Amino acid sequence: MSNQHTSTLRVPLVSEERTLGQLTEEICAPMERKPSRMWWVAFALAVATLAVGVGMVTYEVSTGIGVWGLNKTIGWAFDITNFVFWVGIGHAGTLISAILFLFRQKWRTSINRAAEAMTLFAVMCAAIFPVIHMGRPWNAFWVLPYPNSRGSLWVNFRSPLLWDVFAISTYFTISAVFWYFGLIPDLATVRDRVKGGLKKAVFKVLSFGWNGSSRTWHRYETVYLLLAGLATPLVISVHTIVSFDFATSVIPGWHTTIFPPYFVAGAVFSGFAMVLTLMIITRVVLGFEHLITLRHLENMTKVIIVTGGIVSLAYGTEFFIAWYSGNPYEKFTFMNRAFGPYAWAYWTMVTCNVVSPHLFWFKKVRTSPAAIFVLSLVINVGMWFERFVIIVTSLHRDFLPSSWSMYTPTVVEVGTFVGTFGLFFTLFLLFTQVLPIISIGEVKSVAAFARGSHAPEHASHPAHGSETPHEHPAEAPEPLPTPALAAVAVRKDMPV
Amino acid sequence: MIDPTRATLLSGVLAALAMGGCDTTPVNNNQNYMPEQPIAFSHAVHAGHYEIDCQYCHVGAEKSRHAGIPHAGVCMNCHTQVKTDSPEIQKLTQAVKLNKPIEWVRVHRLPDHAYFNHANHVTAGLECQKCHGPVQEMVRLEQAEPMTMGWCLDCHRQTQESQAKAPVPPLASGVLMASASGVPTVKAPTTPASRTLNPPTDCSGCHR
Amino acid sequence: MSETTPKYWQSLAARAGDPAVLERSRNEFAEELPVGVAAQPPDASSRRDFFKVMGLSAAAAMVACQRAPVQKAVPFLTKPDELTPGLSLWYASTCGACSAQCGVLLKTRDGRPIKVEGNAEHPVSRGGVCAVGQASVLSLYDANRSRWPSVGGTKSTWASLDQAVTEGLRKVAEEGRAIRLVLPWVMGPTAEAAVARFLAAFPMARTVRYDATGELEAIAEAHRLTHGVRVVPDYRFDQAKLIASFGADFLGTWVSPVAFTRQYSAARDAAGSREMSRHWQLEPLMTLTGASADKRVPVAASDLVPALAGLVKRLAQKAGRVVDGLSGVPAPRVDAAVLDTLADELWSAKEKALVVCGGDEPAAQVLANQANELLGNAGTTVSVSGGITLDTGAMTLGELLAELEAKQVGGVLFHGVNPAYTHPRGESLVALLKDVAVTVATSDRLDETASLVRFHAPDHTPLESWGDAEPRRGVLSLRQPVVSPLHETRGTVESLLKWAGVEQSHHDFLRARWEAEIFPRANVATGFQAFWDEAVRQGVAVVLPQPATTESPAFRPESVAEALAGTAAADEGLELVLYQKVGLRDGALANNGWLQEMPDPISKATWGNYLCVAPATAAKLGISDGQVVRVSTGGKTLAVPALVQPGTHPRALGLAMGYGRTKVGRIGNAVGENAFVLASFTNGKVRRAALGVKLEVTPEKKPLALSQTHASMEGRGLVREAELAEFLANPRAGNEEEGGHGGGHPLSIWSGHEYKGHKWALAVDLSACTGCSACVVSCQAENNIPIVGEDEALRQREMHWMRIDRYYEGEPDAPRVVHQPMMCQHCENAPCETVCPVLATVHSTEGLNQQVYNRCVGTRYCANNCPTKVRRFNWFDYKHDEPLERLVLNPDVVVRTRGVMEKCSMCVQRIQEGKAEAKREGRELRGGDIRTACQQSCPARAIHFGDINDPDSDVAKLAKSGRAYRLLEEINIGPAVTYLTKIRNTGNGSAE
C-alpha cells in the first residue's frame with residue numbers, strides 16, 4: 001500500500017514537512033501526555049449522558065414497552081429509527097478503510113483509523129435497539145438458532161429481522177477484526193516507545209509480538225488486502241438487509257424495491273457526515289490540522305454531494321412510483337407524508353438531505369471547516385428524520401382507516417436516544433486517549449518526503465517496521481527526475 | 001503469550017454451553033423430581049400389589065383434562081376398615097375430621113401455557129405408564145419422563161407417521177361425560193368405529 | 001338450532017326439586033367456597049382457600065406463563081359427584097342485568113361461573129345475549145359488593161337485622177304510618193307475589209315504581225290512558241314490513257333489545273327470504289337503531305310529539321276518521337314531505353306496519369298507540385294482551401317524595417332502584433330519609449341510596465339466586481343459582497317474606513308458586529316434578545297466558561285528547577337529550593370494567609360520557625372534539641367534554657346517563673359526569689329530553705378515549721353495499737370490485753397451504769350486523785382479555801381482539817353508517833407469519849393463524865405488518881390483582897404476560913374441545929358442534945363459523961354467495977374471513 005509515489009501536482013496529504021520521527025511523536029503524543037482539561041469535561045459530559053440512557057433503558061425493561069409512546073397502530077418509532085440511524089452512521093468507517101483502500105485512495109490514510117473506530121461504536125449503539133425494543137428482551141437469545149428441547153424449535157429464516165441478526169453481527173465482527181488488524185503495527189510502535197510496566201505488558205500482548213520484519217509486513221499487507229476485500233461486500237450487504245425489514249413488508253411506504261440502494265447511499269451519506277463531525281473536532285483538539293487536512297475534508301464533502309444526490313433521486317423515485325403504480329394505498333401514503341400530520345418531519349428531512357448538500361458545490365463552503373461542521377450536523381439530523389418519516393408516517397395511516405392513529409415520543413424514548421450518543425462519545429473519547437487515532441504506518445507512506453528520496457531515514461532504524469512502511473522488498477522506489485515525468489509515471493499504477 | 005484464536009474458540013464453546021443451559025434449566029423439565037409427600041402414600045402398594053385400577057382413584061382421567069387427585073372420600077372408602085391404626089392413615093382420618101384438605105406436593109406438572117388433556121390420551125388407549133413411568137413400582141412417586149415439548153412432539157410425530165390403529169375407546173360402555181357441556185348423555189352402549197389417531201402437531205394443539 | 005346448543009347439566013335440575021338434596025348440594029357448595037361463606041375480605045389467605053377448593057385446574061389459568069417453584073395439589077376433601085375438575089357445567093337461567101330478562105346459559109367451571117351465553121331454546125331472546133348480559137358475570141365478582149348485612153353502616157348479622165327491621169315495621173304499622181316499597185317496574189311474577197305477601201302483611205304499605213330512564217314508565221302510563229291497563233305490549237318486529245321508530249333505540253337499549261334485534265334481522269334477511277322490512281327512524285341523536293335505519297330523519301326531541309301528531313293526522317285522513325285533541329299540538333318542524341311519504345308507506349303496509357316511540361313522554365307514546373290503532377296492527381306487530389302487565393296500583397317516586405316531605409312515611413324499602421343517584425331530586429333524599437323510622441335498601445353494594453338508609457340487606461346477584469320472569473305473556477323464564485353466594489347476602493324475595501312473617505326460602509316459595517299457579521296452565525301429562533325439572537333444565541316453560549283471555553282491551557279514543565292537553569310549542573333553542581349508552585344503560589353496572597371499556601357502537605368512545613353535538617352546531621359555536629363545555633339547565637350546570645357526532649339534529653345535544661357515580665366502586669366512581677341531575681322535575685314528573693339548555697364553551701380540553709378516530713372509509717372498498725332492488729336483480733350488486741371473492745392473484749411466491757382435514761373460516765353478514773357490540777364483550781369474557789383503563793385507552797392501547805369498525809358516508813348532518821366487525825382475518829398468506837423471527841405466529845394445518853404467546857419475544861413486527869391491525873400487544877403486565885375478580889378468568893385460555901403479542905384465535909380452545917369431544921365419542925364433527933364466542937352471543941346471527949372444506953357448512957355456502965368478498969384481495973393476503981355485502985332497503989328517494 002505504501003509503495004506508490006504521489007503526484008507532485010496533488011496537494012500533499014500531509015501539509016507540513018515532517019520527519020518520520022516527528023510524525024510518530026505527534027500521533028503518539030495524546031496517549032502519552034495526561035488528558036487535557038477539555039477532554040475531561042467532554043468525557044464527564046459523555047458519561048453523564050450515557051448514565052441517562054442507562055437509566056431510561058432500565059426503567060423501560062423493568063416496566064414494559066408501555067413507557068414508550070407506541071400504540072396498537074404504531075409498533076415501531078423511535079426504537080427502530082435510532083437503530084437504522086446508527087447502523088447508517090456505522091457505514092463510513094469500513095467504507096473509507098476498505099473500499100477507498102481497494103481504490104487506492106491515499107487520502108483515506110489519516111482518517112480511516114478513527115472512522116473504523118466510529119463504525120464499531122456506532123454499530124454497538126445500533127445493536128442496543130433491536131434488543132431493548134423487544135417486549136421480553138430477556139428472551140432475546142431465542143432469535144439465535146441453537147439446539148433446544150422444544151422438539152426442536154427453530155428460528156424463522158423468512159424473517160428479515162433474523163437476517164438482520166446475522167448481517168449486523170457479521171458486519172461488526174469483520175469491522176472489528178479489520179480495525180484491530182490495522183492497529184497491530186502501531187501497537188507495536190507504542191510498545192517500543194513505552195518504558196515498561198503494565199502498559200508495556202499490555203501493548204506487548206496486543207501487538208501479537210510484531211517485529212516489523214519485511215516478511216511480517218508482507219503478510220500483514222496481504223491479509224489487510226484480503227480483509228478489505230472481505231469487508232467491502234458487507235458494507236453493501238448490511239444496510240441492504242436492514243432495508244429489507246421494510247422492503248419485504250406489505251405496508252405502503254415500506255413495500256418498495258428501491259430501498260436497498262436507497263438505504264446504502266443514505267448510510268454512506270450520513271456516515272461521512274458523522275466522520276466529518278468527529279474529524280473536525282479531533283483535528284482541532286489534538287492539533288492534527290496538518291495530518292487531517294482540508295483536502296481530506298474536501299474529498300469527503302464531495303462524497304456527500306454524490307450520495308446526497310442519490311438520496312434525493314430516491315425520494316423522487318418513491319413519489320413517481322407511488323403515482324405511476326396507480327396503487328391507491330401507495331398514493332395516499334406518499335401524499336400523507338408530504339401533506340399529512342407529519343409533513344413537518346418530511347420537509348425537515350427534505351431541507352436537510354436534499355437542499356443542504358448542494359452548498360458543497362461552493363469551494364468556499366467545502367474548504368471552511370466551520371461550514372462543513374455545521375452542514376455535517378444538519379445532514380445527520382436530516383438522515384435521522386428520513387428514518388422517522390419512513391417508519392412512522394407509513395405505519396400511522398395504512399390500509400384500514402379505522403385504525404389510523406398518531407404517535408408522540410415520550411421522555412423515555414428521547415432519553416434512550418440521547419443515551420446512545422453518550423455511549424458513542426464515551427467510547428470515542430476513550431479511544432482518542434488509549435490508541436493512536438491515526439494510522440502511523442500508513443500516514444507516513446503519504447508524508448511529503450515519501451515522494452522524494454529519503455535513504456538515511458529507514459536505514460537508521462531497521463527494527464521499527466512501523467517507521468519504515470515504504471520499505472518493501474517487492475518494488476523499491478526510484479527517485480523520479482522531474483515532476484512532469486512523475487505525473488506520467490504515476491498514471492500506470494494509480495487512479496487519478 | 002495468549003493465543004487469541006484459541007481464546008475465541010474457548011469463549012465460543014462456553015457461550016454455546018451457556019445457551020444450552022438456558023434451555024434445559026426451566027420449569028418444564030424436572031425429570032426425576034421425587035418430593036416428599038404429606039402422607040407416605042405408595043403407588044407400589046395400591047397400583048402394584050393390590051392392582052387397583054388407576055382410574056378408580058384418578059376418576060378425571062377419562063373424562064377431563066385433569067386426571068385429578070382423589071378426594072379423601074375415595075381413600076376412606078377402604079380405609080375406614082383397612083389399616084385404620086397406621087399413623088399415615090391417622091393423618092388422613094384427622095384431615096377428614098378437621099375438614100381440612102390434604103396438601104399433596106404436585107409431581108407431574110406442565111407449564112401453565114401448555115394444555116394437556118388426559119381424557120384425549122386415555123380414550124385414545126394410551127397407557128398411563130407411557131408418560132408416568134412404572135408408577136406401580138414407585139413407593140414414592142417420581143417424574144420419570146422429561147416432559148418437555150420435544151418429548152411430547154416426538155410421540156405425536158411418531159404416532160402420526162405410524163397412524164396406529166387405536167383400540168376402541170374404553171368408554172364405549174356409555175357414561176361419556178367429557179363433553180363441553182359436561183352432560184352425562186347416557187346412551188346405548190355403541191361401539192365407535194376404531195379410528196386412526198391423528199395427534200396434533202400444531203402449536204394450538206397445546207398452546208391457546 | 002337446538003342440537004347446536006349445549007345441553008344443560010341435568011342432575012341438579014333433577015334433584016333441585018327435593019329440598020333435602022338441594023340443601024346438601026348447597027352445603028357442598030358452601031364447603032367448596034370458603035371465600036363465599038367467609039365473612040372477611042378475600043385477602044391472600046382466603047384466596048389460597050379458593051385455590052384449594054378448585055383442585056388441580058386452579059393453577060392453570062390464574063398465573064399463566066410464570067414459573068412456580070413447589071406447587072401444591074389440593075384435592076377436594078369430599079368432591080360433589082356432579083363436579084369434575086376441568087369440566088364445564090352449563091346451567092340454563094334468566095339474565096338479570098336489565099328488565100328484558102333474556103334466557104341465558106351459564107358456563108361454570110369448578111364451581112365458578114365464567115361465561116354467559118344465550119339460550120337458543122328461549123322463545124323470546126332466542127340465543128342472543130347483549131353486552132350487558134355478558135358482563136353481568138364480571139359483576140358477580142365485583143370486589144366492591146357488600147359482603148354482609150349492615151345496620152347504620154356497621155357490620156351486622158341477618159338475625160339481628162331481621163329482628164330490628166320487623167320490629168321497626170311493626171311499630172310503624174301500629175302508628176299507622178305509611179310503608180313504601182320503592183321497586184323497579186319489572187321484577188318477575190314470583191318476586192311480585194312476595195311483594196304482595198308483604199303488602200298483605202302490612203296494610204299501610206304501598207309500592208312505588210321507579211324507572212331511572214322513564215321509558216317503561218312512559219309506555220305503561222300511555223297504555224293506562226289508551227287501554228286502561230299498565231302494560232308493556234309485546235312488539236313483533238319480525239312481523240313488520242314497515243317500522244317507524246320515533247326515537248326508540250329498540251336495537252340498543254329500548255325495552256328488549258336482544259329479542260328485537262333477533263326479530264329485526266330475521267325480517268331483513270334479503271338473501272334468504274328475498275324481501276326485507278323497511279325501517280324509518282326519526283330521532284334527535286344518532287342511536288344504534290338509527291344507524292341501521294333505511295331512512296333516518298334527524299328530528300329535534302321537542303318535535304317528536306308534533307311529528308307523531310302530524311303522522312296520526314295523515315293516517316286518520318286515510319282511515320277516514322277524526323282524532324280529537326290534535327288541534328292543540330303545534331306544527332312539527334319536520335319536512336311535511338317526509339311525514340307524507342312515511343304515512344303513505346305505513347298505510348300501504350297497514351297491519352304489517354309498526355310505530356314505536358322512545359323516551360319518557362307518555363303523550364308521545366299515546367300518539368304511537370293511536371297510530372298503531374289506526375293501522376290496525378294489533379295482534380300482528382304489536383299485542384297489548386301478549387305484553388307484560390305492570391303494577392297498576394303503584395305510586396310514582398314524585399308522590400313518594402311529596403309524602404316524605406309531608407313526613408307521613410314511617411318505613412321505606414329500596415329494591416333494584418337507586419333514586420339518590422338516578423333521580424334529579426336524588427340529593428333531597430339525604431335530608432328526607434333522616435325522618436323515616438325504618439329505611440331499608442337491598443342493593444348489592446352501599447351505593448348512593450343504600451348509604452342513606454339504616455338497614456342494608458344486600459341482595460344476591462342474579463347468578464346466585466332463584467327467580468323467574470315473564471318476558472312475554474305465557475313465557476315463564478326460570479332463574480337458578482349457579483354458584484353458592486360469595487358473600488353473606490340474601491335474596492330480597494326471601495327478605496321480604498321474612499319481614500312479612502313468612503318463613504320460607506326463596507326456592508321453596510318459587511317452587512310452591514309454580515306448582516300452584518304455573519303448572520296447571522302448562523297442561524302437560526307428566527307430574528309437577530317432571531315439569532319442574534324440565535323447566536329448570538330448559539330455563540323456560542311456555543304455558544297458557546294468564547288470564548286465559550287474549551283479546552286486547554279496547555282503545556279509548558278520548559285518551560289522545562287527555563294526553564295531549566296542554567302541549568305547548570317549544571322554542572328554537574338548543575335542547576338537551578339524556579340518552580342511554582348501549583354499554584352502560586342507566587349506570588347500574590357502572591363498576592363493570594368490560595362495559596366501561598366497550599367502545600360505544602356509534603361514537604367509539606370508551607370510559608366516560610360527553611356532549612354529542614351536531615357538526616353544524618359545533619362549527620357555529622367553535623366546538624371541537626374534547627372541548628369542555630358547560631351545560632346549564634334548571635339551575636344545574638355540568639362541565640363535560642364535547643364530541644362532534646354526525647347525524648345529531650342541529651338543535652339537539654346528547655348526554656349519556658349512567659356516568660359520574662360516586663359510590664359504585666373503584667372502577668366506576670368519578671367516570672364521567674352524572675347527567676341525571678340535569679333532568680327536570682316539574683309537578684312530580686321527570687323529563688329527560690327536550691330540556692332547554694344554555695351552552696358555554698370553555699377554552700380547556702379533555703381528551704376523549706376514542707377507539708376509532710377516523711370515520712371515513714377514504715373510498716376504499718372495505719364495506720360494500722347494495723340497494724335491495726339492485727341485489728334482487730343481481731346478487732353481486734355492489735360487489736363487482738376486482739378480486740370480489742375466490743382465489744386472489746395467480747402469482748404468489750408462497751407455495752400455499754393444503755388442508756387435508758378442516759379449514760376453519762368465518763363469515764360476517766354486514767347486512768345483519770347492527771353493531772351492538774355483544775360480540776366484543778363476549779370475546780373479552782371468553783379470552784381473558786384485560787381491561788386496560790382510561791389512560792391506556794387514551795393512548796389507543798385497548799386490547800379487544802374483536803372490534804367493530806364504524807364508518808360514515810355522505811353528509812355529516814345525515815350520514816349513512818356502516819359497521820364492520822373486525823377480528824384476525826387468519827390470512828392464507830399471512831404477512832405476520834413471514835416476519836416473526838422466532839416463529840411465534842405460524843399457520844396451522846386447519847387454516848388458523850396461531851399466535852403462540854409463550855414463544856413471542858415481542859418485536860411487534862407482526863403487528864406493524866398486519867394490514868388489518870388486529871394484533872394487540874401487552875404493553876404492561878395487565879394485573880389481574882383483584883383476587884375476587886380474577887375468578888372470572890377462563891381456565892382454557894392463557895393469561896398473557898407483559899411483552900407478548902396477542903390476537904383473535906377463532907376461539908381455538910373451543911375448536912380443540914369440540915374436536916376432542918367428537919374424537920372421544922368416536923364420531924365425526926357435526927356442523928354447529930363448535931361455535932365461537934362472538935358467533936354464540938350475536939343476537940342478529942351475523943357471524944357464522946365453520947369448516948369451509950365441508951361443502952354443506954354455511955360458511956362454505958356463504959363464501960360462494962354473490963355477496964361474499966374478502967378484505968384487501970389486491971395484496972393477496974387471502975383472508976379466511978368472508979364479509980357479505982350490506983343490503984339497504986331505502987327504496988326510491990332514499991336518504992342520499
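Just above, that's the structure.
This is a predicted model, so every value here is computed, not measured.

(A) Summary view of the packing of aromatic side chains. Counted under the stated rule, the structure contains 73 aromatic pairs over all chains. Ring centres of Trp76 of chain A and Trp254 of chain A lie 5.8 Å apart, and the angle between their planes is 25 degrees; this geometry places the pair in the stacked category. One end of the pair, Trp76 of chain A, is in the loop between helix 2 (37-63) and helix 3 (78-89); the other, Trp254 of chain A, is in the loop between helix 8 (214-247) and helix 9 (259-285), with 178 residues separating them in the sequence. Judged by its relative accessible area of 0%, Trp254 of chain A falls in the buried class. With a centroid separation of 5.0 Å and an interplanar angle of 85 degrees, the aromatic rings of Tyr346 of chain A and Trp347 of chain A are classed as edge-to-face. Its end group placed over the ring of Trp148 of chain C, Lys155 of chain C keeps NZ or CZ at 5.1 Å from the ring centre. Across from the ring centre of Phe455 of chain C, 5.5 Å away, lies the NZ or CZ of Arg454 of chain C, which sits over that ring.

(B) Up close: the environment of Arg387 of chain A. All names here are of chain A. Within the element layout of this structure, Arg387 appears in helix 14 (residues 369-396). Exposure remark for Arg387: the relative accessible area of 2% places this residue in the buried category. Separated by 304 residues in the primary sequence, Arg387 and Phe83 place their C-alpha atoms 9.3 Å from one another. Excluding its chain neighbours within four sequence positions, the residues that come into contact with Arg387 are Thr81, Val84, Phe85, Gly88, His239, Gly266, Ala267 and Ser270.

(C) Just the interface of chain A and chain C, in detail. Facing the 55 residues of chain A at the interface are 53 residues of chain C. In total, chain A and chain C occlude about 4,500 Å² of area from one another, counting both sides; carbon and sulfur atoms represent 55% of this. In this assembly, chain A and chain C are joined by three salt bridges. For the salt bridge of Glu798 of chain C with Lys72 of chain A, the shortest nitrogen-to-oxygen distance reads 2.3 Å. Across the chain A-chain C interface, the total number found is 41 residue pairs in polar contact (both at pLDDT 80 or more). Residue contributions to the side of chain A that touches chain C peak at four residues, all from helix 2 of chain A. In terms of residue class, the side of chain A that touches chain C is made up of 29 nonpolar, 18 polar and eight charged.

(D) Representation of the side chain of His108 of chain B in the model. Residue and element names in this part refer to chain B. Note that His108 resides in the loop between strand 1 (104-105) and helix 6 (118-123). A distance of 3.4 Å separates the side chain of His108 from the side chain of His132, its partner in a polar contact. In this structure His108 touches His132, Leu141, Glu142, Gln143, Ala144 and Met147, once residues within four positions along its chain are discounted.

(E) Seen up close, helix 14 (residues 336-349) of chain C. All names here are of chain C. Here helix 14 is 14 residues long and its end C-alpha atoms lie 20 Å apart, about the 20 Å a rise of 1.5 Å per residue gives. Buried residues along helix 14 sit against strand 10 (242-246), strand 11 (278-283), strand 12 (295-298), helix 13 (304-319), strand 13 (353-357) and helix 15 (362-375). Between a side-chain oxygen at the N-terminus of helix 14 and the backbone nitrogen of Ala337 the separation is 3.0 Å; the capping residue is Asp335.

(F) A look at the pattern of salt bridges. All told, the structure shown has 67 salt bridges over all chains when counted by the stated rule. Within this structure, Asp303, Arg333, Glu572, Glu575 and Arg651 of chain C form a network of salt bridges that share partners.

(G) Up close: the sheet that holds strand 8 (residues 205-209) of chain C. Residues and elements named next belong to chain C. Strand order in this open sheet of seven strands is 6-5-17-16-15-7-8, and the pairing throughout is mixed. The open sheet has two edge strands, strand 6 (154-155) and strand 8, and neither has a second partner. In terms of strand pairing, strand 7 (residues 178-183) meets strand 15 (residues 409-414) through five bridges, oriented parallel. When the bridges of strand 15 are listed, Arg180 appears paired with Val412.

(H) The arrangement of helix 4 (residues 91-102) of chain A in detail. Residues and elements named next belong to chain A. Compared with the 16 Å implied by 1.5 Å per residue over twelve residues, the 16 Å span of helix 4 between its first and last C-alpha is a close match. Taken across its twelve residues, helix 4 has eleven buried, putting it largely inside the fold. Residues of helix 4 that are buried include every one of His91, Ala92, Gly93, Thr94, Leu95, Ile96, Ser97, Ala98, Ile99, Leu100 and Phe101, and no others. Following helix 4 by one or two positions, Arg104 has its phi on the positive side, about 55 degrees.

(I) Representation of a nonpolar patch on the surface. All names here are of chain A. Together, Met38, Ile281, Val284 and Val285 make up an exposed nonpolar region whose accessible area comes to about 360 Å². If one sorts the elements of the nonpolar patch by residue count, helix 9 sits on top with three residues. Summarising the element assignment, Ile281 is placed in helix 9.

(J) Seen up close, the pairing of strand 35 (residues 816-822) of chain C. Residues and elements named next belong to chain C. Counted residue by residue, strand 35 has six buried out of seven residues, so it is predominantly covered. Two strands pair when backbone bridges link them, and strand 34 (residues 803-809) and strand 35 are joined in this way by seven bridges, in the antiparallel orientation. The residue bridging Arg806 from the neighbouring strand is His819, located in strand 35. The hairpin turn running from strand 34 into strand 35, its antiparallel successor, is six residues long, and Gly810 in that turn takes a positive phi close to 80 degrees.

(K) Region of interest: the state of the cysteines. What the rule picks out here adds up to zero disulfides over all chains. Free of any disulfide, Cys772 of chain C has its nearest cysteine sulfur in Cys938 of chain C, 6.2 Å distant.

(L) Spatial organisation of the packing of helix 7 (residues 158-175) of chain C against helix 19 (residues 492-499) of chain C. Residues and elements named next belong to chain C. It is at 9 Å that the axes of helix 7 and helix 19 come closest, and there the two elements cross at 50 degrees. Between helix 7 and helix 19, the crossing angle belongs to the class labelled oblique. The element helix 7 and its partner helix 19 pack so that their crossing is right-handed. Together, Trp158, Leu161, Asp162, Val165, Thr166 and Leu169 of helix 7 and Ser495, Lys498 and Trp499 of helix 19 make up the contact between the two elements. Across the contact of helix 7 with helix 19, the residue classes tally to five nonpolar, two polar and two charged.

(M) Summary view of unusual backbone geometry. All names here are of chain C. In this model, Ser773 sits at a positive phi of 75 degrees, which is unusual for a non-glycine residue. Although it is not a glycine, Asn784 adopts a positive phi angle of roughly 50 degrees. Within the secondary structure, Asn784 sits in the loop between helix 26 (774-782) and helix 27 (790-794).

The rules behind each value
- Residues numbered from 1 in each chain as written.
- Chains lettered and ligands numbered in written order.
- Predicted model: local features only at pLDDT ≥ 70, side-chain atom pairs only at ≥ 80, totals over all residues.
- Heavy atoms only, no water.
- Phe/Tyr/Trp six-rings, centres within 6.5 Å; stacked < 30°, edge-to-face > 60°.
- Helix = DSSP H or I, 4+ residues; strand = E, 2+ residues; numbered from the N terminus.
- Buried < 20%, exposed > 50% of the residue type's maximum accessible area, 1.4 Å probe, protein only.
- Lys NZ or Arg CZ within 6 Å of the ring centre and 35° of its normal.
- Contact = heavy atoms within 4.5 Å.
- Buried area = accessible area lost by both parts, 1.4 Å probe.
- Salt bridge = Lys/Arg side-chain N within 4 Å of Asp/Glu carboxyl O.
- Polar contact = N/O pair within 3.5 Å; in protein donor to acceptor, adjacent residues only side chain to side chain.
- Nonpolar A, V, L, I, M, F, W, Y, C, P; charged D, E, K, R; others polar.
- Expected span 1.5 Å × (residues − 1).
- Pairing = 2+ DSSP bridges.
- Patch = residues over 30% accessible without salt bridge, like charges linked within 9 Å, V, L, I, M, F, W, Y side chains within 5 Å.
- Areas by Shrake-Rupley, 256 points an atom, 1.4 Å probe, with all protein chains shown as cover.
- Disulfide = S-S within 2.5 Å.
- Axes fitted to C-alpha atoms, helices over the stretch in contact; angles between N-to-C directions.
- Parallel < 35°, antiparallel > 145°, perpendicular 65-115°, else oblique.
- Left-handed = near helix turned anticlockwise from the far one by under 90°.

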